[in-house]
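What follows is each chain in one-letter form.
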Amino acid sequence: DGGITQSPKYLFRKEGQNVTLSCEQNLNHDAMYWYRQDPGQGLRLIYYSQIVNDFQKGDIAEGYSVSREKKESFPLTVTSAQKNPTAFYLCASSTAFGEQFFGPGTRLTVL
Amino acid sequence: ILNVEQSPQSLHVQEGDSTNFTCSFPSSNFYALHWYRWETAKSPEALFVMTLNGDEKKKGRISATLNTKEGYSYLYIKGSQPEDSATYLCASSDWSNTGNQFYFGTGTSLTVIP
């Protein structure tokens, strides 16, 4: 089955801790994206990567970091510098034409 | 940042009614307009991608139109069914030398009452 997997589904973190969210795709897509959703808001772009070993900041990159060492993997680290990390995080990949496919999401809660 | 707006924010319709939603977006630097359907506890699912002014796409009872000159798109659902209940997201994408960025609206939440 081709698709995008995110793990874990639910994640709890203590304040001051870094945490890494996993995103893997086997669709052979070059582009991958991380979004954040908060209640009452649309999806906001955190980081995106058009190709391996390259990535760009989105609209709300502060307090986050990413890596793209492999085409199929785009992990997101939520650092202690992120002031309000509790949110729902969605990973996506897209075709060259721009059609996006989404993972099931990770809900992060900071205790 | 592109400002993409969707209306209404939520909608309740009776089974069998037809309905439509609006997505407005800045027409400058436009590349494509995307519609997604997002059911609770599932991933957003792509419905349509449209690029040309006047484009119309159809999938079953759902269709969409695009006006890039005035910056809006309509999504229509004919004869709504309870399984159509979901949040419908639109996104405008642009293209720059750093790649393809997507800007999402806040979505329209549709509830179809049996």
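Quick note: structure is the one above.
Treat the numbers as computed from the prediction; the structure is a model and nothing was measured.

J.: Lay out the nonpolar core with the relevant residues and their values.
T.: The biggest cluster of nonpolar side chains holds 23 residues, and the ones touching the most others in it are Phe 21, Leu 33, Trp 35, Phe 48, Leu 75, Tyr 88 and Leu 110 of chain B. Mapped by element, the contributors of at least two residues to this core are strand S2 (10-14), strand S3 (19-24), strand S4 (32-38), strand S5 (45-50), strand S7 (62-67), strand S8 (72-77), strand S9 (86-96) and strand S11 (108-113) of chain B. Apart from residues no more than four positions distant in its own chain, Phe 21 of chain B is found in contact with Ser 7, Leu 11, Ser 73, Tyr 74, Leu 75, Ile 77, Tyr 88, Thr 108 and Leu 110 of chain B. One finds Ile 4, Leu 11, Val 66 and Leu 76 of chain A within the second-largest nonpolar core, a separate group that totals 20 residues.

J.: Before we move on, can you summarise the state of the cysteines with the specific residues and values?
T.: Taken as a whole and assessed by the stated rule, the structure comprises two disulfides over all chains. Between the sulfur of Cys 23 of chain A and that of Cys 91 of chain A lies a disulfide, 1.8 Å long from S to S. On the sign convention where negative means left-handed, the S-S torsion of about -75° between Cys 23 of chain A and Cys 91 of chain A marks this disulfide as left-handed. You can see Cys 23 of chain A sitting in strand S3 (residues 19-25) and its partner Cys 91 of chain A sitting in strand S9 (residues 87-94), a full 68 residues away along the chain. Residue Cys 23 of chain A is classed as buried on the basis of its relative accessible area of 0%. Each sulfur in the disulfide pair Cys 23 of chain B and Cys 90 of chain B lies 1.9 Å from the other. Handedness here is read from the sign of the S-S torsion; for Cys 23 of chain B and Cys 90 of chain B, about 75°, the answer is right-handed. Of this pair, Cys 23 of chain B sits in strand S3 while Cys 90 of chain B sits in strand S9, and the two are 67 residues apart along the sequence. Side by side, Cys 23 of chain B and Cys 90 of chain B carry an identical accessibility label, which is buried.

J.: Please give an account of unusual backbone geometry that cites residues and values.
T.: Trans is the common state for peptide bonds, and a negative phi is the common state for residues other than glycine. Cis geometry is found at the peptide bond from Ser 7 of chain A to Pro 8 of chain A, where omega equals -10°. Of the consecutive residues Ser 7 of chain B and Pro 8 of chain B, the connecting peptide bond is found in the cis state with omega at -5°. Among the structural elements, Pro 8 of chain B can be located in the loop between strand S1 (5-7) and S2. Backbone geometry places Ala 41 of chain B, a non-glycine residue, at a positive phi of 70°. Its location among the elements puts Ala 41 of chain B in the loop between S4 and S5. For Ala 41 of chain B, a relative accessible area of 78% puts it in the exposed group.

J.: Report on the interface of chain B and chain A, specifying residues and quantitative values.
T.: If you look at the interface, chain B gives 21 residues, while chain A gives 21 residues. Between chain B and chain A the total buried area reaches about 1800 Å² when both faces are included, carbon and sulfur atoms providing 60% of it. Counting every contact that joins chain B to chain A gives two residue pairs in polar contact (both at pLDDT 80 or more). Mapped by element, the contributors of at least two residues to the side of chain B that touches chain A are S4, S5, S9 and strand S10 (99-104) of chain B. Per element, the largest residue contribution to the side of chain B that touches chain A is six residues, and it comes from S10 of chain B.

Rules of the game
Residues numbered from 1 in each chain as written. Chains lettered and ligands numbered in written order. Predicted model: local features only at pLDDT ≥ 70, side-chain atom pairs only at ≥ 80, totals over all residues. Heavy atoms only, no water. Core = buried A, V, L, I, M, F, W, Y, C linked by side-chain atoms within 4.5 Å. Buried < 20%, exposed > 50% of the residue type's maximum accessible area, 1.4 Å probe, protein only. Helix = DSSP H or I, 4+ residues; strand = E, 2+ residues; numbered from the N terminus. Contact = heavy atoms within 4.5 Å. Disulfide = S-S within 2.5 Å. Buried area = accessible area lost by both parts, 1.4 Å probe. Polar contact = N/O pair within 3.5 Å; in protein donor to acceptor, adjacent residues only side chain to side chain.

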